[in-house]
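What the coordinates show
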Amino acid sequence: GLQKNLSNDLLKPAETDNPKNIIDNRGNHINTLNKTKPDITQKAAEEVLRSTSVWARRSGGLHKVMALDVTDMPRDLQAMGQFGQPARVPRDKELESRRRWSEGYFNVFLSEQIPIDRAIPDTRPQTCSENLVHDDLPNTSVIFCFVDEVWSTLLRSVHSVLNRSPPHLLKEIILVDDCSTKDYLKEQLDVYMSQFPKVRIIRLKERQGLIRARMAGASAATGEVLTFLDSHIECNVGWLEPLLERVYLDRKKVVCPVIEVISDKDMSYMLVDNFQRGIFRWPLVFGWSALPEEYIRKNQVKDSDPIRCPVMAGGLFSIDKSYFYELGAYDPGLDVWGGENMEISFKIWMCGGEIEIIPCSRVGHIFRGDNPYKFPKDRVKTVERNLARVVEVWLDEYKEIFYGHGYHHLLDKSVTDIGNLTEQIQLREKLKCKSFKWYLENVYPDLDAPLVKAEGVIFNAGARKCLVFQNGIFFLDKCDVTNKSQQFSYTWLRMLRQNTSCLTPQEMQIIMEPCDNTKPHLRWMHKSGKVLTDHVMIESHSQPICLEAGVKAGIYLKNCDAINSFQKWQFTHYYA
Ligand code: LR7
Ligand code: MN
């Protein structure tokens with residue numbers, strides 16, 4: 001979970017540092033706020049004062065990360081929200097602040113009150129001060145895509161990059177306007193950004209969604225590395241070098257900062273727990289999961305060590321530009337929002353790359369309860385369709401687990417058109433990517449991913465015998481786990497399967513037909529719900545019809561009867 005770690009001590013600038021945010025040779029202000037971690041900030045500051053050119057590229061060798069916070073404006077130490085402290089809405093502004101909430105689904109009013117370049121606490125783990133980075137790191141293009149972003153947060157995002165990135169590593173900042181409707185994002189934004197030679201604005205003529213907007217940004221980028229960020233973030237001091245260092249060491253490493261939390265309510269900057277991995281749960285729901293204590297102890301993991309992640313959150317990462325294109329970028333068929341983080345994560349791991357979270361790089365993000373922009377089509381349907389595309393290309397036989405978690409309806413192509421996938425499938429072949437099974441075994445072994453809900457022989461409680469399908473007929477016989485014709489499985493799509501055939505009701509009998517996941521009449525209820533859990537009931541009938549063992553070894557369909565033991569069936573193994 002999240003944890004508020006901003007003790008007052010940490011937030012308050014020490015009295016002695018206050019008057020003179022140390023000033024470097026260009027008259028910039030350097031933020032040395034963090035009294036609890038003097039070895040990072042003091043040493044960096046000392047080094048800065050000694051060197052003639054801050055953040056200049058040196059040749060060869062390694063140096064410490066410069067945890068600088070540079071601003072051209074005098075820092076107002078008393079300002080609301082300064083140093084990441086919670087801001088408060090004055091009594092007489094409460095109505096206004098509530099009214100303006102839906103402009104961004106966070107406290108837009110307060111965001112406007114706090115400085116555009118406020119300082120935030122240096123939240124990096126202490127051990128980061130020992131880490132060195134190369135002098136000749138590649139440079140990066142930072143890409144922000146946005147649609148109808150709030151003015152103050154967009155500006156704060158850009159300033160945090162300008163003020164906390166070594167200039168020689170920041171090739172440019174590309175703002176991709178995904179066809180915003182707000183007037184202030186037009187000329188007013190152009191005028192404001194024209195102060196900063198490194199900032200470029202690209203305007204999309206039609207709404208593309210964040211996935212294609214990112215690709216538009218990438219194709220305009222001239223930097224060696226692409227760094228994608230959401231448009232309501234604040235980069236912390238020293239955020240960039242540790243990311244670029246990993247890409248420099250191996251161009252197939254795709255790296256994410258630790259994503260900290262900017263409160264949607266009071267705009268305070270909050271630290272998150274250490275050792276968090278990006279993971280997913282079925283049906284492809286992104287989440288965080290801490291490395292087990294046991295693992296940390298055994299492997300002596302330091303809080304500054306990179307953490308390998310099965311999937312990334314999606315919005316904040318650096319990737320070598322040529323590697324991004326080698327991977328075929330994103331599937332351009334993904335619309336608006338959602339699923340692209342799964343797509344790129346599976347692609348990276350299965351096609352030879354790695355995803356890491358770098359604890360020495362920290363970026364705050366405003367987590368919002370709702371999207372402040374419109375979805376051109378239905379929101380739910382858009383995300384579902386994106387996920388179905390990802391699943392069809394990358395999940396192999398495991399896709400049934402996804403569909404089995406409430407997404408049966410996506411299999412009916414007459415209802416959901418997921419579009420053409422030929423190019424995506426060809427890409428996977430061309431790159432000779434590994435299987436999803438490999439991914440699960442090697443990257444995410446702790447995920448529960450049984451291919452079926454149940455399997456083995458099916459025992460009938462009344463007859464005390466097992467179901468057999470042999471030479472085209474069903475009958476009951478003495479249970480024999482080694483007999484292939486007694487082997488069945490109960491699939492995620494609730495079919496009773498033997499090889500590629502499925503148990504199919506016909507009148508009041510059963511027959512075997514080729515399995516077809518799109519056919520609802522092949523679905524059976526078993527071990528679900530509260531009543532009749534041991535029964536095997538036809539799903540699509542309005543009347544409850546159950547599978548029953550006849551006295552003379554025949555199999556029938558009968559009206560369901562809760563106490564009839566000839567209607568109770570049990571598989572050898574249940575997995576879900
Ligand atoms: O149509 C759109 N066009 C856009 O340009 C929709 C969105 N966008 C922009 C938007 O303005 C924002 O800057 O794209 C960015 C991301 O959109 P958000 O902020 O609405 O997304 P989110 O933060 O709710 O969602 C997370 O998951 C998304 C899935 O598609 C993206 O990958 C987001 O980048 C991602 N955000 C993060 O990873 C930050 C941490 C969240 C977590 C966990
Ligand atoms: Mn976001």
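None of the values given here were measured: they were computed from a predicted structure.

This part takes up the site of ligand 1. The full set close to ligand 1 counts 27 residues, and Asp178, Ser231, Gly338, Glu340 and Tyr373 are the nearest of them. Measuring from a nitrogen atom of ligand 1, one finds a side-chain N or O atom of Asp178 at 2.7 Å. Here a nitrogen atom of ligand 1 and a backbone polar atom of Leu210 are 3.4 Å apart. For ligand 1, whose accessible area on its own is 820 Å², the fraction buried by protein is 91%. When residues of the shell around ligand 1 are traced back to their parent elements, those giving at least two are β3 (140–146), α7 (209–220) and β11 (285–290). When residues in the shell around ligand 1 are grouped by element, the largest group, three residues, is from α7.

A complete count under the given rule lists five disulfides for this structure. Disulfide partner of Cys502: Cys515, at an S-S distance of 2.0 Å. Judged by the torsion about the S-S bond (95 degrees), the Cys502/Cys515 disulfide is right-handed. Here Cys515 lies in the loop between β21 (509–514) and β22 (524–525) and Cys502 lies in strand β20 (residues 501–506), a separation of 13 residues in the sequence. We classify Cys515 as partly exposed; its relative accessible area is 26%.

In the numbering used here, UniProt assigns the "domain: Ricin B lectin" (unreviewed entry) feature to residues 455–572. From the first C-alpha to the last, residues 455–572 spans 6 Å; its make-up is 0% helix and 46% strand.

Turning our eyes to something else, we now look at unusual backbone geometry. Peptide bonds are trans in most cases, and residues, glycine excluded, mostly fall at negative phi. Residue Pro283 is reached from Trp282 by a cis peptide bond, and omega for that bond is -5 degrees. Even without glycine at this site, Leu284 takes up a positive phi of about 55 degrees. Inspection of the secondary structure puts Leu284 in the loop between β10 (276–281) and β11. You can call Leu284 buried: its relative accessible area is 6%. Despite not being glycine, Asn471 shows a phi value in the positive range, around 50 degrees. Within the fold, Asn471 resides in the loop between β16 (465–470) and β17 (473–477). When its relative accessible area of 78% is taken as the criterion, Asn471 is described as exposed.

Donor atoms from the polypeptide that bind the manganese ion (ligand 2) are Asp230 (OD), His232 (NE2) and His365 (NE2), placed at 2.2 Å. In primary-sequence terms, the residues that donate to the manganese ion (ligand 2) follow D-x1-H-x132-H.

What follows is about the environment of Glu340. Here Glu340 is to be found in helix α11 (residues 340–350). Considered as a pair, Glu340 and Ala313 are 27 residues apart in the sequence and their alpha carbons are 9.7 Å apart. Within polar-contact distance, the side chain of Glu340 engages the side chain of Arg214 at 3.3 Å.

Of all hydrophobic cores here, the largest spans 79 residues; its most connected members are Phe280, Trp282, Phe346, Phe402, Phe436 and Tyr439. By residue number, the principal contributor to this core is helix α12 (residues 379–394), which donates seven residues. The contacts of Phe402, once residues within four sequence positions are left out, are Trp282, Pro283, Leu284, Leu387, Val391, Leu395, Tyr407 and Leu410. In this structure, Phe144, Leu155, Ile233 and Ile358 belong to the second largest nonpolar core, which totals 35 residues.

Conventions and cut-offs
Residues numbered from 1 in each chain as written. Chains lettered and ligands numbered in written order. Predicted model: local features only at pLDDT ≥ 70, side-chain atom pairs only at ≥ 80, totals over all residues. Heavy atoms only, no water. Near = heavy atom within 4 Å. Polar contact = N/O pair within 3.5 Å; in protein donor to acceptor, adjacent residues only side chain to side chain. Areas by Shrake-Rupley, 256 points an atom, 1.4 Å probe, with all protein chains shown as cover. Helix = DSSP H or I, 4+ residues; strand = E, 2+ residues; numbered from the N terminus. Disulfide = S-S within 2.5 Å. Buried < 20%, exposed > 50% of the residue type's maximum accessible area, 1.4 Å probe, protein only. UniProt positions renumbered as here; feature names shortened; annotations may be inferred. Donors = N, O, S within 2.8 Å, 3.2 Å for Na, K, Ca; no water. Core = buried A, V, L, I, M, F, W, Y, C linked by side-chain atoms within 4.5 Å. Contact = heavy atoms within 4.5 Å.

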